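Secondary and tertiary structure notes
So the chains spell out like this:
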Amino acid sequence: MLKEKIGSVLLEVQRPSRYCGGEVGQVVKDKAKVDVRFAFCFPDIYDVGMSHLGMKILYARINERENYWCERVFAPWTDMEAVMRREGIPLYALESLDPVKEFDFIGFTLQYEMSYTTILHMLSLAQVPVLQRERGEAIAPLVVAGGPCCCDPEPLADFFDLFILGEGEDVDLELMDLYHTMRDAGATRSAFLRKAAEIPGIYVPSLYDVAYHADGTVQSITPKDGAPAVITKRVMPDLDKAYYPDHVVVPYLEIVHDRVSVEVLRGCIRGCRFCQAGFIYRPFREKSPEVVCRQGKALCDNTGYDELSLSSLSTSDHSGIEEILDGLLAYSEQGHVHLSLPSLRVDNFSESVLKKISAVRKSGLTFAPEAGTQRLRDVINKNVTEEEIMRTCSIAFAAGYTQVKLYFMLGLPTETDEDVLGIAALAQKVVDLFYATPGRAKGRPQVTISTATFVPKPFTPFAFEPQVEKAEILRRQQLLKKAVDPKYIKTSLHVSDVSLVEAVLARGDRRLGAVLYEVWKNGGWLESWEEQFRAERWYDAFAKAGLDPAFYANRIRPYEETEPWAHLNYMVSRSFLIRENRKAHAGETTPSCRQQCAGCGANQCLGGSCF
Amino acid sequence: MTDHRIVFEKTGRARFISHLDLNRCMVRAIRRSGLPAWYTEGFHPHMYLMFPLALSLGTESLCEVMDIRLTEERSPSEILSRLNAVLPEGLHAVEVRTPQDRTQDIEAAEYRVTLTGEALLPLWEQFLAQPEILAEKRTKKGVQTIDLRPLIEAEEAQAEGDHLILALRLPAGNAGNINVSMVTDAFSEFAETPIYVEKLLRTKIFCGNGRLFS
């Protein structure tokens, strides 16, 4: 019945194929033969969520189990949301078109802070109580979450039954198995949660009491009912043996990253001090080239996609990258498949790699030097020299490239005006280099500078750092803008209050639950979309909750302070992060993990060194 | 190299696939099928694929047409079975032919329309009895007011309970295309009573003088 109702309204909305399911590669099962149903919810619209690799892996992994069924759920865009409210259509899953509230698990992925209010809204559209304490003792539906933001999920503690820390391939099934057994035995929600907390990687926030000092900092985090004092994230030690899908859902409409991806490695050897992904996904593990090639070919053959992305935090750091490219190149030429390497690094971008990727299609180059001077690049441990940037651009220009995009951050710790002006100087050198390169393409170079505001994140050496305030960021932007020659260099200098809200939520505590609730109540959702974001809504909510955003965002956090995420272990040790923070202030770099182990502690799960 | 004209159905959930998305969807399906598709030569090679007549979003069809070009001989039955093994729900190939007519030969299409509402048959008759039926048509040049009445060839109108089932023939193709929902919208406006469009289904495509497009 819901199916007919949905079908009858879809012509009223933009891009109806976001909402109808039925794509190639979707998994449909007989409800009567399924024991546990999992609604995998991405708290953003279809176009964004369908681009997410983690969802594709876990969707296929759960569906491999005959008696478990995982379906996809996305946030409706505002037009569809209005229609759903008008018609009384609850949030539904795309495969069965069944209401999400009928599922056993409602699982969200926490990819970015600005999606938090969308989660609240999706629960409300699903007609599921938004607050965990209002869900009662019935065991289902359980509202759970995984993903990178689980490394500090405290602002969401009021809304979730449990969080899954780390890589989900195995633990998701362990959790579903436990649920299956306990539900059939008639267990209550709280009994299940107590038991689930015993599974490594499962964090049940309601089993911890948090006390605060008078100044607002955390005094203590106390486990109860036998919950572990520390919860450690899960890791798949061997990527060759870890599950990887050979088929994914093929959308009708053009999604944000409209290609198939094969993950070539996890973790990162670089240790850029601002980068959360570079720390929380440790240890560094590579997939062997033959596995990468086999998985990539299978994905293209099974989906019909003509673009294959070799994805990771830094694909050119794979020790067998040339072997991978050699293995895929003949296939890609013959099968009209375009290879894309989204994360190339400036320093090891060799001529032969460039030739191999440009063999099929030529596009622009993107580099992220992050900072304008060598001094500041040393502080953030972005171990890239100007010489390397120039060498790479020179190779690229000689090969016919004209477009170069340079990404920077403003507001990095210790940044001075000299560093800001260094951004303009670097971009100008790239322009000059273009004209000095023999064999360059005709016409002008297109050099673009993009800047983002630095947001300090947990489990990084900069977790202790204050965020620079908006007024000062604006001043630095103006300084930069005046220093570039607009004839050759385009600037995309974005500033907004979003960065502040991100900084608050990223290192937030449980008291922020009241703020999220208030923002959502006042209409805040899909706020990752600029047009949906209202700064006043956040400032009003902070005021109403009696919380100062500056306390979270703009304050130096002493090493001795108990962080809101102190009970969560992402395997990089606190002493390592403090050591790295001290080195940053001394302007000292740390070599890549391949050159020398920095002793972060993540190799504990491998039972030895990473290399 | 051989050209094949594939006749396919687009029904159910597939009615929500837009024309642009259908092209991408078919390219991927042909790639999955393993059929030896011909790619254009040049800087950005792409699979040769041609749709002689677009279908608007929301309308179903029993007679959609797509032309493909293969680099090696394949029998119609092999093409059909390979495609149907990989097409998504709602898309189904029913016939493979050698193209006879050209895109520009298309002049009309027939639709079967199912409407729900109260006592619709007399209203429909009154609607058609009007000397002119003015409707706004959005074109590349802007909004144009046209008279639909001479363009509608009503072949059949039948009441079944609170359903009204119509068979309509409307101009189609490059020379002038009338979207079937323009007619149902104009009828809704005329009727001043709630009319619910149950189903719009394209059933036939014609060349001039009433010959089926082939």
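Residues numbered from 1 in each chain as written. Chains lettered and ligands numbered in written order. Predicted model: local features only at pLDDT ≥ 70, side-chain atom pairs only at ≥ 80, totals over all residues. Heavy atoms only, no water.

With that out of the way, let us pick up the overall build of chain B. Check the secondary structure of chain B and you find 4 helices and 10 strands. Reading chain B from its N end, one meets helices and strands in the order β-α-β-β-α-β-β-α-β-β-β-β-α-β. Along the first, second and third principal axes, the C-alpha atoms of chain B reach 55 × 35 × 30 Å. A total of 214 residues make up chain B; the buried ones form 50% of that total. Of the contacts formed within chain B by residues at least 6 apart in sequence, a portion of 73% connects residues at least 24 apart. Carbon together with sulfur atoms contributes 49% to the accessible area of chain B, which is approximately 10,500 Å² in total. Of the charged side chains in chain B, 24 are positive and 30 negative, and the gap between their average positions amounts to 8 Å. (Helix = DSSP H or I, 4+ residues; strand = E, 2+ residues; numbered from the N terminus. Buried < 20%, exposed > 50% of the residue type's maximum accessible area, 1.4 Å probe, protein only. Contact = heavy atoms within 4.5 Å. Areas by Shrake-Rupley, 256 points an atom, 1.4 Å probe, with all protein chains shown as cover. Lys, Arg positive; Asp, Glu negative; His and termini not counted. Charge placed at Lys NZ, Arg CZ, Asp CG, Glu CD.)

As a further point, take the overall build of chain A. The number of helices and strands found in chain A is 20 helices and 19 strands. Relative to the 2.2 N^0.38 estimate, which gives 25 Å for 611 residues, the radius of gyration of chain A is 24 Å and therefore close to what a compact globule would have. For chain A, the C-alpha atoms occupy an extent of roughly 75 × 65 × 55 Å along the three principal directions. Counting over 611 residues, chain A shows a buried share of 61%. When contacts within chain A are restricted to residue pairs at least 6 apart in sequence, long-range pairs at least 24 apart make up 77% of them. Working note: accessible area of chain A is about 22,600 Å², and carbon and sulfur atoms make up 51% of it. Within chain A, the 82 negative side-chain charges are centred at a point lying 2 Å from the centre of the 70 positive side-chain charges. (Rg over C-alpha atoms; globule rule 2.2 N^0.38 Å.)

Attention now moves to the domain arrangement of chain B. Residues and elements named next belong to chain B. Annotation of chain B at the domain level lists domain 1 (2-99) and domain 2 (104-210). Measuring from the centre of the C-alpha atoms in domain 1 to the corresponding centre in domain 2 gives 27 Å. Listed by partner, the interface residues are 12 residues for domain 1 and 14 residues for domain 2. Of the roughly 1,000 Å² buried between domain 1 and domain 2 on both sides combined, carbon and sulfur atoms contribute 60%. Taken as a group, Leu53, Glu60 and Cys63 account for 52% of the area that domain 1 buries against domain 2, more than any other trio of residues on that side. (Domains from an automatic or database assignment. Buried area = accessible area lost by both parts, 1.4 Å probe.)

Residue and element names in this part refer to chain A. Under the criterion given, the structure shown has 28 aromatic pairs over all chains. Plain terms: the ring middles of Phe108 and Phe160 are 6.0 Å apart, the flat faces sit at 90° to each other, and that makes the pair edge-to-face. Taken as a pair, Phe108 in strand β3 (residues 105-109) and Phe160 in the loop between β4 (142-146) and β5 (162-164) lie far apart in primary sequence, 52 residues in all. Residue class for Phe108 comes out buried when judged on its relative accessible area of 3%. Aromatic pair Phe459 and Trp565: ring centres 6.4 Å apart, planes at 50°, arrangement tilted. Taken together, the positions of Phe459 in the loop between β17 (446-453) and α15 (470-483) and Trp565 in the loop between α19 (549-553) and β19 (568-569) put the pair 106 residues apart, joining distant regions of the chain. (Phe/Tyr/Trp six-rings, centres within 6.5 Å; stacked < 30°, edge-to-face > 60°.)

Here the focus is the interface of chain B and chain A. With 20 residues of chain B in contact, the opposing surface of chain A contributes 31 residues. Buried surface at the junction of chain B and chain A, both sides included, amounts to about 2,100 Å², of which 55% is carbon and sulfur. When the area that chain B buries against chain A is broken down by residue, the three leading residues are B:Arg13, B:Phe16 and B:Arg28, summing to 34%. Taken together, the links from chain B to chain A amount to 2 salt bridges. Of the charged contacts in the structure, one is a salt bridge between A:Glu254 and B:Arg24, with a shortest N-O distance of 3.5 Å. Run the count over chain B and chain A and you get 11 residue pairs in polar contact (both at pLDDT 80 or more). (Salt bridge = Lys/Arg side-chain N within 4 Å of Asp/Glu carboxyl O. Polar contact = N/O pair within 3.5 Å; in protein donor to acceptor, adjacent residues only side chain to side chain.)

Right, let's talk about the nonpolar core for a bit. If you look at the biggest cluster of nonpolar residues, it comprises 162 residues, and the most contacted ones within it are A:Tyr92, A:Phe105, A:Phe108, A:Phe160, A:Leu162, A:Phe192 and A:Trp538. In this structure, B:Ile133, B:Leu168, B:Phe187 and B:Phe213 belong to the second largest nonpolar core, which totals 35 residues. (Core = buried A, V, L, I, M, F, W, Y, C linked by side-chain atoms within 4.5 Å.)

Residues and elements named next belong to chain A. Note that Met50 resides in the loop between α2 (46-49) and α3 (53-63). Judged by relative accessible area, Met50 falls into the buried class, the value being 5%. Along the sequence, Met50 and Pro251 sit 201 residues apart, while their C-alpha atoms lie 7.7 Å from each other. Contact partners of Met50, with chain neighbours within four places excluded, come to Lys56, Arg72, Phe74, Val249, Pro251 and Ile255.

A word on the sheet that holds strand β18 (residues 489-493) of chain A. Residues and elements named next belong to chain A. Judged by pairing direction, the sheet is parallel, and its 4 strands sit side by side in the order β15-β16-β17-β18 without closing on themselves. The open sheet has two edge strands with one neighbour each: β15 (365-370) and β18. On average, each strand axis in the sheet is inclined to that of its neighbour by 20°, with strand direction left out of account. (Pairing = 2+ DSSP bridges. Axes fitted to C-alpha atoms, helices over the stretch in contact; angles between N-to-C directions.)

Residue and element names in this part refer to chain A. If you trace the 3 strands from one edge of the open sheet to the other, you get β10-β13-β14, paired in parallel fashion. Across the chains shown, the open sheet's two edge strands, defined by having one partner strand only, are β10 (260-263) and β14 (338-340). When the angles between neighbouring strand axes are averaged without regard to direction, this sheet yields 25°. Contacts from helix α9 (residues 289-303) reach β10 and β13 (307-311), with the element oriented near 165° to β10.

Listed in full, the buried residues belonging to helix α1 (residues 2-9) of chain A are A:Leu2, A:Ile6, A:Gly7 and A:Val9. On its buried face, α1(A) is in contact with α4 (78-87) of chain A.

The next subject is the side chain of A:Glu95. Relative to the elements of secondary structure, A:Glu95 occurs in the loop between α4 and β3. For A:Glu95, a relative accessible area of 2% puts it in the buried group. Ignoring anything within four residues of it in the chain, the contact list for A:Glu95 reads A:Gln26, A:Val27, A:Val28, A:Tyr59, A:Trp69, A:Glu71, A:Arg72 and B:Arg13.

Moving on, we come to the pairing of strand β7 (residues 208-212) of chain A. All names here are of chain A. The pairing of β7 with strand β8 (residues 218-223) spans 5 bridges and is antiparallel. Directly across from Asp209, in β8, lies its bridge partner Thr222. Connecting β7 to the antiparallel partner β8 that follows it, the hairpin turn spans 5 residues, and Gly216 within it adopts a positive phi of roughly 95°.

With that settled, the discussion passes to helix α17 (residues 513-521) of chain A. Inspection of α17(A) places A:Gly513, A:Val515, A:Leu516, A:Glu518, A:Val519 and A:Trp520 among the buried residues, and these make up the whole buried set. Residues of α17(A) that are buried sit in contact with α5 (116-125), α16 (498-506) and α18 (535-545) of chain A.

Tallied over the full model, the rule gives 59 salt bridges over all chains. Between A:Arg234 and A:Glu174 there is a salt bridge, with the nearest N and O atoms lying 2.8 Å from each other. With a gap of 60 residues between them, A:Arg234 in the loop between β9 (231-232) and β10 and A:Glu174 in helix α6 (residues 168-184) connect regions that are remote in the sequence. Between B:Arg69 and B:Asp3 there is a salt bridge; the shortest N-O distance is 2.8 Å. Residue B:Arg69 is located in strand β3 (residues 60-70), and its partner B:Asp3 is located in strand β1 (residues 2-10); the two are separated by 66 residues in the primary sequence. Each of A:Glu167, A:Glu169, A:Glu263, A:Arg266 and A:Arg285 takes part in one network of salt bridges that share partners.

All names here are of chain A. Taken as a whole and assessed by the stated rule, the structure comprises 7 cavities of 30 Å³ or more. Each pocket or cavity is described by its volume, and for the largest cavity that value is around 100 Å³. Looking at the largest cavity, the residues that line it are Arg18, Tyr19, Tyr46, Val73, Phe74, Ala75, Pro76, Met84, Leu91, Tyr92 and Leu94. For the lining of the largest cavity, a count of residues per class yields 10 nonpolar, no polar and 1 charged. (1 Å grid on protein atoms, 1.4 Å probe; cavity = no way out; pocket = protein on both sides within 12 Å on 5 of 7 lines; lining within 4 Å. Points joined across faces, edges and corners; volume = space filled by probe spheres on them. Nonpolar A, V, L, I, M, F, W, Y, C, P; charged D, E, K, R; others polar.)

In low-pLDDT regions, the fine details of the predicted coordinates are not to be read closely. Mean pLDDT over chain B works out to 94, with 100% of the residues at or above the 70 mark. Across the whole predicted complex the pTM is 0.94, and at the interface the ipTM reaches 0.91. (pLDDT = per-residue confidence, 0-100.)

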